[in-house]
Structures are given as C-alpha cells and as structure tokens.
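Examining the three-dimensional arrangement
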Amino acid sequence: MSTLHPAVIAVAPNGARKLKPDHPAVPLSADELGICAAQCRDAGAAMIHLHVREPGSGRHSLDAGLYREAIKAVRREAGSDLIIQATSEAAGIYDRHQQMAAMRALMPEACSLAVREILPDEAAEKDGGAFLTELYKAGVMMQYILYAAEDVQRFHELKARGIIPGDRHFVLFVLGRYTAGQKSEPVDLLPFLHDWSNTDGDFAVCAFGPKESACALTALGLNGHARLGFENNTLLSDGSTAPDNAALIRQTVQAAGVMGRSIADVKTARAYLEGLR
C-alpha cells in the first residue's frame, strides 16, 4: 500500500516583479487575486502564495492593510478553507527588520520565510530566532525557503541550536535559481535531497521555465509537494504561453497520477500542514 501523502499544490500567481506587460493575466489588485485564487482552487490548488502590490505602480509591498484587503477578496471568491500564505520576501526593497515587522503586524495563518533573508548571519540569530519562535507559538504555518544545497545544511544547523523552532518543518526548495537564464531541470532537486530526510518534515519545490511541471512531478514522485504559477513561470510544458495561472495548476494536477500521487483537497492540506510542528 502506498505511503505517499496526498500532494499539496500551491499557486504563486504574481510574485514581486511581474506586471501586465509580462502577462495580461498576472493578478495585481485584490479583486484579481481573489478571482485567480478561486480559479486555481477549482484547478486543484489548496494554497495561494500571496504577494500584494501597491495600487497604480504595481510595486511589491508588505503593507498589512493591502494584505488584509487581498485576504478578504480571496476569502470572498475562494472560500474560507483555502490556505493563504503571505510572503515576507524582501525583493530588494525591504530589510529583514521591516520583513519581520510586517509579518508581526499581519500575523497571517501561513507565511513563507527565506532563511537567507531572515537569518543572513550569526548577528541576526538572536532577534531572528525570537521572531520565528513568536510566529511558531502563535500557530502560524511557516514555510522556510531554501535556495541551494548549502541552505539545507545551514537549516539543520540552525534547527539543532533552536534558532529555528519545532521538530518537523515545511520547506520550499527553489530549483534553478542560480542557473543560466533561470531555467530549471528536474535534476536540480537532487542536491537538495542529499541532506534532507523525511524525518525533517516535508518539502515542496518551485521552478523556472517550461519544465516547471516536470520539476513539480519529480517532487511529487518523491513524496514532495509543489508550488506553481506566474511568479516563476508563464509557460506550459510544450513551451506555449499559459492563458492563466489555473492552466499551470491543471497541467500538473492532471499528470500527478502518473507519479502515484493523489492531490490534497483544501481540508486535507490544511490538516496535514498544521500537523507539521
């Protein structure tokens, strides 16, 4: 009998940088994010990785008020169960203190945290560790972003010293971040897995370019999870432009059975990720 858990699929529909000239279906406003979230939930996503933008300029923002407006729209359009994961990404705009202050002001149900940004060096460990512990005790579902194999090693070291709280974690491996042209390949997952074990928790992947789905399916076949969407990729597997974010979700969901995975519905995904503590 299979021991593979149902796969949690997240959509990252806009990221910090893409604008309408990059793709007309990039959702920027709260209303657009709400509609996109509903479409992606219907396609099989259980989580939305949420970025918000300043009205008019489309500039990346961590403003709690803009987040609350977007969260309200997602709840209105996609229902109360969809997991809403706020990003704390710096995007070259915010420093780590501003990032932490933004998440404290929002206290989202879930958030993503780049270890390199929140804990860049030893000097950042005291207040960074206190921040992570505060969110952990508040019940925030945290996902730690790791960009390279050496990040996995440092993650383990920080966990062993109690800087990163908890026993089991949900991490995101960013595949191909430092490759030429940011075009990911499934083999990019292997260095991350060299030092990762199921006892550490669960991993998801995100990837760049037309092999995004191939990378996601590779992760699914290894009991991992996936994040898909216009943040990193606007192309379908055949190299054509996806009409919207939901098409990227649907493409992977429809192929997941080939890798022996079922797709977690929202309720299953929420219960599973809440258990990673």
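Bear in mind that the values here come from a model prediction, so they are computed numbers and not experimental data.

1. With respect to the side chain of His225
Tracing the chain through its elements places His225 in strand S10 (residues 225-228). Within polar-contact distance, the side chain of His225 engages the side chain of Asp202 at 2.9 Å. Setting aside chain neighbours within four positions, we find His225 in contact with Pro6, Ala7, Val8, Phe170, Asp202, Phe203, Ala204, Val205, Ala219, Leu220, Arg261 and Tyr272.

2. Some words on the side chain of Gln251
Along the chain, Gln251 turns up in helix H9 (residues 245-255). A distance of 2.9 Å separates a polar side-chain atom of Gln251 from the backbone nitrogen of Ser237. If we skip the residues at most four places from it in the chain, Gln251 touches Ser213, Leu236 and Ser237.

3. Some details on the sheet that holds strand S5 (residues 83-87)
Pairing within the closed barrel is parallel, and its eight strands lie in the order S1-S2-S5-S6-S7-S8-S9-S10. Strand-to-strand, the axes of this sheet are offset by a mean angle of 25 degrees, without reference to chain direction. Where strand S7 (residues 141-146) and strand S8 (residues 169-174) come together, four bridges link them in parallel fashion. If you follow Leu146 over to S8, its bridge partner there is Phe173. Sitting on the sheet, H9 touches strand S1 (9-11) and S10, and the angle it makes with S1 is about 165 degrees. Contacts between helix H10 (residues 266-274) and the sheet are confined to strand S2 (47-50), S5, S7, S8, strand S9 (201-206) and S10, with S5 contributing the most and set at about 55 degrees to the helix.

4. Points about the packing of helix H8 (residues 212-221) against H9
Contact pair H8 / H9: the axes reach a minimum separation of 10 Å and the direction vectors enclose 40 degrees. Relative to H9, the element H8 lies oblique. For the pair H8 and H9, the crossing hand works out as right-handed. Of H9, the residues touching H8 (which contributes Glu212, Ser213, Ala216 and Leu217) are Leu248, Gln251, Thr252 and Ala255. In terms of residue class, the contact of H8 with H9 is built from four nonpolar, three polar and one charged.

5. Concerning the environment of Tyr272
As for its position among the elements, Tyr272 is in helix H10. Relative accessible area serves as the criterion here: at 21%, Tyr272 is assigned to the partly exposed category. Separated by 267 residues in sequence, Tyr272 and His5 place their C-alpha atoms 9.0 Å apart. Other than its neighbours up to four places away in sequence, Tyr272 contacts His5, Asp202 and His225. Of the polar contacts made by the side chain of Tyr272, one reaches the side chain of Asp202; its length is 2.6 Å.

6. Some words on the packing of helix H2 (residues 64-78) against helix H3 (residues 96-106)
Contact geometry for H2 and H3: axes closest at 9 Å, N-to-C directions at 45 degrees. Classified by the angle between their axes, H2 and H3 sit oblique to one another. In the packing of H2 onto H3, the handedness of the crossing is right-handed. Of the residues in H3, those in contact with Ala64, Tyr67, Arg68 and Ile71 of H2 are Met103, Ala105 and Leu106.

7. Some remarks on helix H1 (residues 30-43)
It helps to recall that an α-helix has 3.6 residues per turn; residues three or four apart then point in one direction. Under the 1.5 Å per step criterion, the end-to-end length of H1 is 20 Å for 14 residues, consistent within 8% with the ideal 20 Å. If you check which residues of H1 are buried, you get Ala30, Leu33, Gly34, Cys36, Ala37, Ala38, Cys40 and Ala43. A positive phi of about 130 degrees marks Gly44, the residue just after H1.

8. Some thoughts on unusual backbone geometry
In this model, Met107 sits at a positive phi of 45 degrees, which is unusual for a non-glycine residue. Here Met107 lies in the loop between H3 and strand S6 (110-114). Among the residues examined, Met107 registers a relative accessible area of 32% and is labelled partly exposed. Here the phi dihedral of Asn223 falls at roughly 70 degrees; this positive angle occurs in a residue that is not glycine. Among the secondary structure elements, Asn223 is positioned in the loop between H8 and S10. For Asn223, a relative accessible area of 12% translates into the label buried.

9. With respect to the pattern of salt bridges
As enumerated under the stated definition, the model contains 17 salt bridges in all. When the shortest N-O distance is used, the salt bridge between Glu109 and Arg270 registers 2.7 Å. Of this pair, Glu109 sits in the loop between H3 and S6 while Arg270 sits in helix H10, and the two are 161 residues apart along the sequence. Across the pair Glu231 and Arg227 runs a salt bridge whose closest N-O atoms are separated by 3.7 Å. Neither Glu231 nor Arg227 differs from the other in exposure class; each is buried. Here the salt bridges share partners, and the residues they tie into one network are Arg75, Glu109, Arg270 and Glu274.

Thresholds, definitions, all that
Residues numbered from 1 in each chain as written. Predicted model: local features only at pLDDT ≥ 70, side-chain atom pairs only at ≥ 80, totals over all residues. Heavy atoms only, no water. Helix = DSSP H or I, 4+ residues; strand = E, 2+ residues; numbered from the N terminus. Polar contact = N/O pair within 3.5 Å; in protein donor to acceptor, adjacent residues only side chain to side chain. Contact = heavy atoms within 4.5 Å. Pairing = 2+ DSSP bridges. Axes fitted to C-alpha atoms, helices over the stretch in contact; angles between N-to-C directions. Parallel < 35°, antiparallel > 145°, perpendicular 65-115°, else oblique. Left-handed = near helix turned anticlockwise from the far one by under 90°. Nonpolar A, V, L, I, M, F, W, Y, C, P; charged D, E, K, R; others polar. Buried < 20%, exposed > 50% of the residue type's maximum accessible area, 1.4 Å probe, protein only. Expected span 1.5 Å × (residues − 1). Salt bridge = Lys/Arg side-chain N within 4 Å of Asp/Glu carboxyl O.

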